[in-house]
Amino acid sequence: MFTSALIGLFLGNLSTENFSARELVKTLKSEIGTFSAALKPMTTVNGETKVYFKVFLSSLSSKKERAAELLAEVLTRTLFNEKDSMRNIVKQAYIASEE
């Protein structure tokens, strides 16, 4: 489950097939309002707890098509081969959790 939780940290912060990591972060910030992804435990109607992968995105309605394109880019074209970047993202998350 820990590995799955890391995916939420990586999405939107690693390069994709069409964007470098730096370009992607800049584009997400300038063209959509908010983007995040994480595992979220939720309780069902039956009282069961299930873990879901939740993606949150906000944008202006005038940019909804671009937001959908960027969401597809992040969810389907993220490159998970940047080990140094992934290590730095995990370190930053660890440091933030200590504060």
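Computed from a predicted model, the values in this text were never measured in an experiment.

Draft legend 1. Structural context of the nonpolar core. Counting residues in hydrophobic clusters, the biggest one holds 10 residues: Leu11, Phe19, Leu24, Leu28, Ile32, Phe35, Ala37, Ala67, Leu70 and Val74. Sorting the residues of this core by element identifies helix 2 (21-31), strand 1 (34-43) and helix 3 (64-77) as the ones contributing at least two each. Take this core: its biggest share by element is 3 residues, from helix 3. Among the nonpolar cores identified, the runner-up in size contains 5 residues, and Leu6, Phe10, Leu14 and Ile89 belong to it.

Draft legend 2. Focus on the pattern of salt bridges. A complete count under the given rule lists 4 salt bridges for this structure. When salt bridges with common partners are traced through the structure, they connect Glu31, Arg66 and Glu69 into a single cluster.

Draft legend 3. Just helix 2, in detail. Residues Ala21, Leu24, Thr27 and Leu28 constitute the buried set of helix 2. Buried residues in helix 2, looked at end-on, bunch into an arc of 130°, giving them a common side. Opposite the buried face of helix 2, by more than 90 degrees, sit the exposed residues Arg22, Lys26 and Lys29. Each element contacted by the buried residues of helix 2 is listed here: strand 1 and helix 3.

Draft legend 4. Looking closely at the side chain of Ser15. Along the chain, Ser15 falls in the loop between helix 1 (2-10) and helix 2. Owing to a relative accessible area of 9%, Ser15 belongs among the buried residues under this scheme. In terms of polar contacts, Ser15 uses its side chain to reach the backbone amide nitrogen of Ala21, at 3.0 Å. Residues in contact with Ser15, not counting those within four places in the same chain, are Ser20, Ala21, Arg77, Thr78, Leu79 and Glu82.

Draft legend 5. The environment of Phe19, seen in detail. Along the polypeptide, Phe19 turns up in the loop between helix 1 and helix 2. Separated by 55 residues in the primary sequence, Phe19 and Val74 place their C-alpha atoms 9.5 Å from one another. Excluding its chain neighbours within four sequence positions, the residues that come into contact with Phe19 are Leu24, Thr27, Arg66, Leu70 and Glu73.

About the criteria used
Residues numbered from 1 in each chain as written. Predicted model: local features only at pLDDT ≥ 70, side-chain atom pairs only at ≥ 80, totals over all residues. Heavy atoms only, no water. Core = buried A, V, L, I, M, F, W, Y, C linked by side-chain atoms within 4.5 Å. Buried < 20%, exposed > 50% of the residue type's maximum accessible area, 1.4 Å probe, protein only. Helix = DSSP H or I, 4+ residues; strand = E, 2+ residues; numbered from the N terminus. Salt bridge = Lys/Arg side-chain N within 4 Å of Asp/Glu carboxyl O. Arc of directions from axis to C-beta. Contact = heavy atoms within 4.5 Å. Polar contact = N/O pair within 3.5 Å; in protein donor to acceptor, adjacent residues only side chain to side chain.

Interpretation in functional terms is not warranted from these geometric data alone.
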